[in-house]
Amino acid sequence: GESVGLHLPTLSVQEGDNSIINCAYSNSASDYFIWYKQESGKGPQFIIDIRSNMDKRQGQRVTVLLNKTVKHLSLQIAATQPGDSAVYFCAENGKETSGSRLTFGEGTQLTVNP
Amino acid sequence: GAVVSQHPSRVICKSGTSVKIECRSLDFQATTMFWYRQFPKQSLMLMATSNEGSKATYEQGVEKDKFLINHASLTLSTLTVTSAHPEDSSFYICSASVGGNQPQHFGDGTRLSIL
C-alpha cells in the first residue's frame, strides 16, 4: 500500500554542523507534507510544512526540500544544537485521503554531540 | 497558538479498569481530532478520526467497542479504553486540526500502564 518512509533510522552530528534528514514517499497523489519533532515522552511538535506546488520552504534554521520527481522530502537543520536532539517524523496528507488524515514515516533519531 | 492539552499525562491502573483520556484544543476550534497509539521506538499509528458531532472512523484492526471515542464539542474529544489489559499499555497521543490541508497539532500524550 501507500507509505511514507525514511532512509536513515539514526543520525549523529556534532553541535554546530548542519543536519539533513531524508524521507521517501510513495503516494504520488500526496500534496501536503509536514515535518514533526518528537522529544522523549512528549507529543510531536510541528516544525515546518510544504505543499506540492513548492519545492523549497524555509523557516527559522530549518529548510524543507521537496522533489516530486523522485518522491523525496528532506529536512535541513542549520547549526544543529543539542536541543535539536529528538526523533523527526515526516508525514504526508495524500490528496485522496479524507480530511487531514496523515500518514507518518518511521522516524529518524537525531543525536547532537556537544 | 494551536495548543492541544491532553490529560492525564500518565495513568497506572489495574487490569479490567476503564480509563478515560481527554484531548482539548485550547485556542482554536478543532473540526477533526485524531487518536494515535505509539509503541517504544516506533512511529505513530492512527487509531481513529473523530469529527465533532459524528461517530468516529476507526482504522482497520482497531476495536471500536474497546476504544470509545466521543467528540462532543469543537474543543474536546475523549478516548476511553474499556476493560484495559496489560497489552493495552502504550503511549496514546491525540491531535487536533481545523480541517483541510492544515497541520495537526498534538497533545503531549498519555502514558498508560496496565498492571
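Look up: the structure comes first, before these words.
Description of the structure in this document.

Definitions and cut-offs
- Residues numbered from 1 in each chain as written.
- Chains lettered and ligands numbered in written order.
- Predicted model: local features only at pLDDT ≥ 70, side-chain atom pairs only at ≥ 80, totals over all residues.
- Heavy atoms only, no water.
- Contact = heavy atoms within 4.5 Å.
- Buried area = accessible area lost by both parts, 1.4 Å probe.
- Salt bridge = Lys/Arg side-chain N within 4 Å of Asp/Glu carboxyl O.
- Core = buried A, V, L, I, M, F, W, Y, C linked by side-chain atoms within 4.5 Å.
- Buried < 20%, exposed > 50% of the residue type's maximum accessible area, 1.4 Å probe, protein only.
- Helix = DSSP H or I, 4+ residues; strand = E, 2+ residues; numbered from the N terminus.
- Phe/Tyr/Trp six-rings, centres within 6.5 Å; stacked < 30°, edge-to-face > 60°.
- Disulfide = S-S within 2.5 Å.

## Quick notes on the interface of chain B and chain A
Turning to step 1, where the next piece is worked out: Across the boundary between the two partners, chain B contributes 20 residues, which contact 21 residues of chain A.
Turning to step 2, where the next piece is worked out: Between chain B and chain A, the buried area comes to about 1,600 Å², and carbon and sulfur atoms account for 50% of it.
Turning to step 3, where the next piece is worked out: The tally of links from chain B across to chain A stands at 1 salt bridge.
Turning to step 4, where the next piece is worked out: Across the pair Arg101(A) and Glu59(B) runs a salt bridge, and its minimum N-O distance is 2.5 Å.

## Some words on the nonpolar core
Turning to step 1, where the next piece is worked out: Grouped together as the largest cluster of nonpolar side chains are 24 residues, with contacts concentrated most on Trp35(B), Phe67(B), Leu79(B), Tyr92(B) and Leu112(B).
Turning to step 2, where the next piece is worked out: Listing elements by their share of this core, those giving two or more residues are strand E2 (10–13), strand E3 (19–25), strand E4 (32–38), strand E5 (45–51), strand E7 (67–73), strand E8 (76–81), strand E9 (90–97) and strand E11 (110–114) of chain B.
Turning to step 3, where the next piece is worked out: Not counting residues within four places of it along the chain, the set of residues in contact with Phe67(B) comprises Arg37(B), Met47(B), Tyr58(B), Val62(B), Leu79(B), Thr80(B), Val81(B), Asp88(B) and Tyr92(B).
Turning to step 4, where the next piece is worked out: Of all hydrophobic cores here, the second largest spans 20 residues; its members include Trp35(A), Val62(A), Val64(A) and Ile77(A).

## Describing the packing of aromatic side chains
Turning to step 1, where the next piece is worked out: Taken as a whole and assessed by the stated rule, the structure comprises 9 aromatic pairs over all chains.
Turning to step 2, where the next piece is worked out: Between Tyr36(A) and Phe106(B), the ring centres sit 5.1 Å apart and the planes meet at 85 degrees, which makes this aromatic pair edge-to-face. Here the residue Tyr36(A) occupies a position in strand E4 (residues 30–38), and Phe106(B) occupies one in strand E10 (residues 105–106), the pair thus bridging two chains. Comparing Tyr36(A) with Phe106(B) shows no difference in burial state: the two are buried.
Turning to step 3, where the next piece is worked out: Ring centres of Phe89(A) and Phe104(A) lie 6.2 Å apart, and the angle between their planes is 80 degrees; on these two criteria the pair is classed as edge-to-face. With Phe89(A) in strand E9 (residues 86–94) and Phe104(A) in strand E10 (residues 103–104), the pair connects residues that are 15 residues apart, well separated along the chain. For the pair Phe89(A) and Phe104(A), one class covers both residues: buried.
Turning to step 4, where the next piece is worked out: Through pairs of rings, three or more aromatic residues link up here, namely Tyr36(A), Phe46(A), Phe89(A), Phe104(A), Tyr36(B) and Phe106(B).

## Regarding the environment of Ser43(B)
Turning to step 1, where the next piece is worked out: By secondary structure assignment, the location of Ser43(B) is in the loop between E4 and E5.
Turning to step 2, where the next piece is worked out: If we ignore the near neighbours within four places in the chain, the residues touching Ser43(B) are Phe89(A), Phe104(A), Gly105(A), Glu106(A), Arg37(B) and Gln38(B).

## Brief notes about the state of the cysteines
Turning to step 1, where the next piece is worked out: One pass over the structure, following the stated rule, counts 2 disulfides over all chains.
Turning to step 2, where the next piece is worked out: Bridging Cys23(A) to Cys90(A), the disulfide has an S-S length of 1.9 Å. Here Cys23(A) and Cys90(A) share a disulfide; its torsion about the S-S bond, 55 degrees, makes the bridge right-handed. Placement of Cys23(A) in strand E3 (residues 19–25) and of Cys90(A) in strand E9 is noted, with a sequence separation of 67 residues between them. This pair shows no difference in class: Cys23(A) is buried, exactly as Cys90(A) is.
Turning to step 3, where the next piece is worked out: Across a sulfur-sulfur distance of 2.0 Å, Cys23(B) and Cys94(B) are joined as a disulfide pair. Looking down the S-S bond of the Cys23(B) and Cys94(B) bridge, the torsion is 80 degrees, so its handedness is right-handed.

Geometry only, nothing functional implied.
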